[in-house]
Amino acid sequence: GENVGLHLPTLSVQEGDNSIINCAYSNSASDYFIWYKQESGKGPQFIIDIRSNMDKRQGQRVTVLLNKTVKHLSLQIAATQPGDSAVYFCAEITSGSARQLTFGSGTQLTVLP
Amino acid sequence: EPEVTQTPSHQVTQMGQEVILRCVPISNHLYFYWYRQILGQKVEFLVSFYNNEISEKSEIFDDQFSVERPDGSNFTLKIRSTKLEDSAMYFCASNVRGYNEQFFGPGTRLTVL
């Protein structure tokens, strides 16, 4: 079955530094890869997605990189702010499905003052 | 800004009892989902719902689970006979057809005693 997982369970960065959160996946049939942010006590919130035929996509302060050769996905957050502290999940959508999300296990990002 | 709402925020029940978790998706959305998150673990897909029927369901979504859209606004998840292992945060999500961004509600914390 699908296996979307994360390399590191926790990540601490200084405010203002860049953050890189990593994710490994095993399902080559995935159509899209997505990053979600989950703040304490809240539901997941969409950050950015990337189609499987792309290798980079940029958003506001975030960049997602996809390396299909090694089945690796990363989320880069520029100038990390205290409000970025949350758990970050990668997720995938498989072509032909009802577009349900298969989530990875999450990385806790803590931004230090 | 429109948002997905869920009630109750916390439900405590005895093992073997039936529970109904309620969701009001965003009004123009067509796809509806239920996910669950056991404490400290990743978010897991339960079921997707489109055009008044189940599109896909996971192995977790067994005969004890059912979903319903009783009117034009509510989307419910029923667990007929709760088990201790059903204790989790249950998230409802919705999205517009053709888009990847699913909008999640704040969740209902279900505690089975």
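Just so you know, these numbers come straight off a predicted model, no measurement behind them.

Chemist: Looking at this structure, how should I read the packing of aromatic side chains?
Modeler: Working definition: an aromatic ring pair is given by the centre-to-centre distance plus the angle between the planes. Enumeration according to the criterion identifies 16 aromatic pairs over all chains in this entry. Relative to A:Phe103, the ring of A:Phe89 lies with its centre 5.8 Å away and its plane at 85 degrees, an arrangement referred to as edge-to-face. You can see A:Phe89 sitting in strand 9 (residues 86–94) and its partner A:Phe103 sitting in strand 10 (residues 102–103), a full 14 residues away along the chain. Neither residue differs from the other here; A:Phe89 and A:Phe103 are each classed as buried. Of the aromatic side chains, those joined through ring pairs into one cluster are A:Tyr36, A:Phe46, A:Phe89, A:Phe103, B:Tyr33, B:Tyr35, B:Phe45, B:Phe91 and B:Phe104.

Chemist: Would you mind going over the pattern of salt bridges with me for this structure?
Modeler: Two side chains that carry opposite charge are able to pair once their charged atoms sit near each other. All names here are of chain A. A full pass over the atoms with the stated rule returns four salt bridges over all chains. The salt bridge partner of Glu-39 is Lys-42, with a shortest N-O separation of 3.9 Å. Judged by relative accessible area, which is 47%, Lys-42 ranks as partly exposed. Measuring nitrogen to oxygen at the nearest pair gives 2.3 Å for the salt bridge that ties Arg-57 to Asp-49. Classification of Arg-57 as partly exposed rests on a relative accessible area of 36%.

Chemist: Sorry if this is basic, but what is going on with the pairing of strand 2 (residues 10–14) of chain A here?
Modeler: The side chains of a regular strand alternate between both faces of the sheet. Residue and element names in this part refer to chain A. Burial along strand 2 is one-sided: the face carrying Leu-11 and Val-13 is buried and the face carrying Thr-10, Ser-12 and Gln-14 is not. When strand 2 meets strand 11 (residues 107–112), the two strands line up parallel, connected through five bridges. If you follow Leu-11 over to strand 11, its bridge partner there is Leu-109.

Chemist: Please explain the interface of chain B and chain A as it appears in this structure.
Modeler: Bring the parts together and some accessible area is lost; that lost area is often taken as the interface size. Each partner contributes to the interface: chain B provides 18 residues, whereas chain A provides 21 residues. Of the roughly 1,600 Å² buried between chain B and chain A on both sides combined, carbon and sulfur atoms contribute 54%. Taken together, chain B and chain A are joined by zero salt bridges. Taken together, chain B and chain A are joined by five residue pairs in polar contact (both at pLDDT 80 or more). Secondary structure elements with two or more residues in the side of chain B that touches chain A: strand 4 (31–37), strand 5 (43–50) and strand 6 (53–57) of chain B. Ranked by residues supplied to the side of chain B that touches chain A, first place goes to strand 4 of chain B with four residues. Class assignment for the residues of the side of chain B that touches chain A results in nine nonpolar, six polar and three charged.

Calculation criteria
- Residues numbered from 1 in each chain as written.
- Chains lettered and ligands numbered in written order.
- Predicted model: local features only at pLDDT ≥ 70, side-chain atom pairs only at ≥ 80, totals over all residues.
- Heavy atoms only, no water.
- Phe/Tyr/Trp six-rings, centres within 6.5 Å; stacked < 30°, edge-to-face > 60°.
- Helix = DSSP H or I, 4+ residues; strand = E, 2+ residues; numbered from the N terminus.
- Buried < 20%, exposed > 50% of the residue type's maximum accessible area, 1.4 Å probe, protein only.
- Salt bridge = Lys/Arg side-chain N within 4 Å of Asp/Glu carboxyl O.
- Pairing = 2+ DSSP bridges.
- Contact = heavy atoms within 4.5 Å.
- Buried area = accessible area lost by both parts, 1.4 Å probe.
- Polar contact = N/O pair within 3.5 Å; in protein donor to acceptor, adjacent residues only side chain to side chain.
- Nonpolar A, V, L, I, M, F, W, Y, C, P; charged D, E, K, R; others polar.

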